[in-house]
There are 2 protein chains.
Amino acid sequence: MDVEPIIANTIKDIRRHVASARSEGKTIALVPTMGALHEGHASLFQAAAACDFVVASIFVNPTQFGPQEDLARYPRSPQADLALCRDNGVHAVFMPETEEMYPPGWLTEVSVGKLDANLCGRSRPGHFTGVATVVAKLFNIVAPDKAFFGAKDYQQTVVIRRMTLGLNYPVEIVVCPTVRHGDGLAVSSRNTYLSAEHRKQATSLWGALEMVASLIRRRRPPTEEVVATIREHLATHAPEGVVDYIQIVDPADLTDVRTTKRAVLVALAVNFGTTRLIDNVLVGP
Amino acid sequence: MDVEPIIANTIKDIRRHVASARSEGKTIALVPTMGALHEGHASLFQAAAACDFVVASIFVNPTQFGPQEDLARYPRSPQADLALCRDNGVHAVFMPETEEMYPPGWLTEVSVGKLDANLCGRSRPGHFTGVATVVAKLFNIVAPDKAFFGAKDYQQTVVIRRMTLGLNYPVEIVVCPTVRHGDGLAVSSRNTYLSAEHRKQATSLWGALEMVASLIRRRRPPTEEVVATIREHLATHAPEGVVDYIQIVDPADLTDVRTTKRAVLVALAVNFGTTRLIDNVLVGP
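Predicted, not measured: the structure shown is a model, and the values here were computed from it.

Chemist: Mind showing me how you'd approach the overall build of chain A here?
Modeler: Looking only at helices and strands, chain A features nine helices and 10 strands. For the C-alpha atoms alone, the extent of chain A along its principal axes is close to 55 × 40 × 40 Å. Evaluated residue by residue, chain A yields a buried proportion of 42% over its 285 residues.

Below, the structure written as structure tokens:
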């Protein structure tokens, strides 16, 4: 039978619960989330069960939303989230209010240099500083041995790895594969915003990525050909999708590359109405 | 009899020694320094003895020096430093090479917003980002219960307190009083650069601060009168000193204030040749 997770709303409380688990010799996992939990998060909780005590944080972090972005309408479903945590063996849920994480006078920021110059960082200035900052804070609050993130937000995983290394956090970063619906669309909290028609067209994001992954493995074409192939595929299969970016980058530092001879990350962002979807595929050498 | 401190040159090594002390139930103190140790540092080590295991770090942190500053000629005296550590009960000295702290590809920075807009931050752009970053790294490497800093670098203590709070480090910041020579000059690694004549004139920094502290306590004059009084005192007693700044600020957020009715920090920086000296006095309400 699943046990109800402990709920902690304050930093003091979650620290107390973690310290108690730690004093019993348990290893600690952290899965940072913004709630609106889905199968992707469930897969992270399952991976985190490799540790003895799994902490999920649920916090819609305002510092990673731009002024024009969807902070206010970001989906919130605390009851369903807690049920999903319980069903996937989470031991403690840290659900702070905004003021608990950012009291008045809060000013400290963690930035990761040029890693945010490309991909989502380009269209979301400040986003990855907000991400790096809140994850640094969560690492200090929970002091986990391992922290778990999904590969769908690939740039986020690179930023967090760099931040962890750059500031010498003794935390192992574990990146789990993207979870997909049966038709290939990456599971995302934002999918719920899509109209039936947009939901259908959205499957072509992964369709395009799968196609070019196979193309790259077959004959390593120059990147502009890959981008043109994706653009054409989307124009046909997602006529209402507005491309934000299609980029081929070095998976290590996210800089643009011209050939696909070494390992590359193919990443894209497409807007359907006001809903922005992202996806990516890593193609080895 | 004093025991030779453990010397650790790598992050892995110092973590091992700290973990061993921690496993014996010992509390951990960190005293971050740039070496060239003097009586001021000795007073920090003595305060740190309130913890069971005292770690001193000796690292001339390049990221807190500007391109025009004195990184290359910053004094280095490792043998004397180790003797001073031993004589003051330090248990372990962390002395990493630059590459150990900043390996290639290092990009992460911790910044503390407007706290560096005034005082030394104004004439040393980037300095306090470098300070906040290296201290954040040291906190993750050593995981101390308490960390000790001197009040001479007042702005630094405010930046570090803010960083610690802003990123939720579970570390208590302890600020120790400035140690002074018999004639009042604040002890500093940079004093050794002064010519005999400049050394004599330099005593007027504290002379001026003591005088205006007494003036403020007596009749709370407007800040411009305080600044003018200091400027006049220095013009008379330190004719070869070139004032970088004389500022009266709110001790909490370092913003300029106009009156001395509440607690104020009076701070100044004066250049003698290429040697920059700082000092300050906190005057309560």
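Chemist: Sorry, what's going on with unusual backbone geometry here?
Modeler: Excluding glycine, most residues fall at negative phi; most peptide bonds, likewise, are trans. Residue and element names in this part refer to chain B. Phi at Asn168 is positive, roughly 60°, even though this residue is not glycine. Within the secondary structure, Asn168 sits in the loop between helix H7 (154-166) and strand S7 (172-176). Judged by the 18 C-beta atoms lying within 10 Å of it, Asn168 falls in the partly exposed class. For Leu254, which is not glycine, the phi torsion reads 65° and is therefore positive. The topology assignment puts Leu254 in the loop between strand S8 (241-249) and strand S9 (264-272). Judged by the 24 C-beta atoms lying within 10 Å of it, Leu254 is buried.

Chemist: Which parts of the structure should I look at to understand the relation of the copies chain B and chain A?
Modeler: Here the two chain copies are tied together by a rotation about an axis and a shift along that axis. Once chain B is rotated about the relating axis by 180° and shifted along it by 0.0 Å, it coincides with chain A to within an RMSD of 0.0 Å. Here the copies are linked by what is in effect a two-fold axis. Closest approach to the rotation axis among the C-alpha atoms of chain B is made by Val110(B), whose C-alpha sits 2.3 Å away. When the interface residues of chain B are mapped onto chain A, 100% of them are again interface residues, pointing to one common binding face.

Chemist: Teacher, can you tell me more about the pairing of strand S6 (residues 146-150) of chain A here?
Modeler: Regular strands place side chains that alternate from one sheet face to the opposite one. All names here are of chain A. Within S6, four of the five residues are buried, leaving the element largely enclosed by the surrounding structure. Sheet analysis places strand S2 (residues 28-33) next to S6, joined by two bridges and oriented parallel. The residue of S6 that forms the bridge with Leu30 is Ala147. In this fold, S6 hands off to helix H7 (residues 154-166), which returns the chain to strand S7 (residues 172-176); that crossover is right-handed.

Chemist: How should the environment of Val243(A) be read in this particular structure?
Modeler: Residues and elements named next belong to chain A. Considering the arrangement of structural elements, one finds Val243 in strand S8 (residues 241-249). Judged by the 15 C-beta atoms lying within 10 Å of it, Val243 is partly exposed. Once the C-alpha coordinates of Val243 and Asn280 are considered, the two residues, 37 residues apart in sequence, prove to be 14 Å apart. Apart from residues lying up to four places away in sequence, Val243 is in contact with Arg231, Leu234 and Val270.

Chemist: How do you make sense of the domain arrangement of chain A when you look at a structure like this?
Modeler: Often the size quoted for an interface is simply the accessible area lost on bringing the parts together. All names here are of chain A. According to the domain assignment, chain A contains domain 1 (6-176) and domain 2 (189-283). A separation of 26 Å is found between the C-alpha centroids of domain 1 and domain 2. The interface of domain 1 with domain 2 comprises 13 residues on the first partner and 16 residues on the second. Elements supplying a minimum of two residues to the side of domain 1 that touches domain 2: helix H5 (119-123) and H7. No other element matches H5, which puts four residues into the side of domain 1 that touches domain 2. When grouped by side-chain class, the residues that make up the side of domain 1 that touches domain 2 number seven nonpolar, four polar and two charged.

Chemist: Honestly, the environment of Asn280(A) in this entry has me stumped. Any pointers?
Modeler: Residues and elements named next belong to chain A. Residue position: Asn280 is located in strand S10 (residues 275-283). Note on Asn280: 23 C-beta atoms within 10 Å, which makes it buried. Along the sequence, Asn280 and Arg180 sit 100 residues apart, while their C-alpha atoms lie 12 Å from each other. If we ignore the near neighbours within four places in the chain, the residues touching Asn280 are Tyr154, Leu265, Val266 and Ala267.

The rules behind the values
- Residues numbered from 1 in each chain as written.
- Chains lettered and ligands numbered in written order.
- Predicted model: local features only at pLDDT ≥ 70, side-chain atom pairs only at ≥ 80, totals over all residues.
- Helix = DSSP H or I, 4+ residues; strand = E, 2+ residues; numbered from the N terminus.
- Buried ≥ 20, exposed ≤ 12 C-beta atoms within 10 Å, placed from the backbone.
- Least-squares fit on C-alpha atoms with pLDDT ≥ 70 in both.
- Contact = placed C-beta atoms within 7 Å.
- Pairing = 2+ DSSP bridges.
- Right-handed = clockwise from strand over helix to strand, strands pointing away.
- Domains from an automatic or database assignment.
- Nonpolar A, V, L, I, M, F, W, Y, C, P; charged D, E, K, R; others polar.

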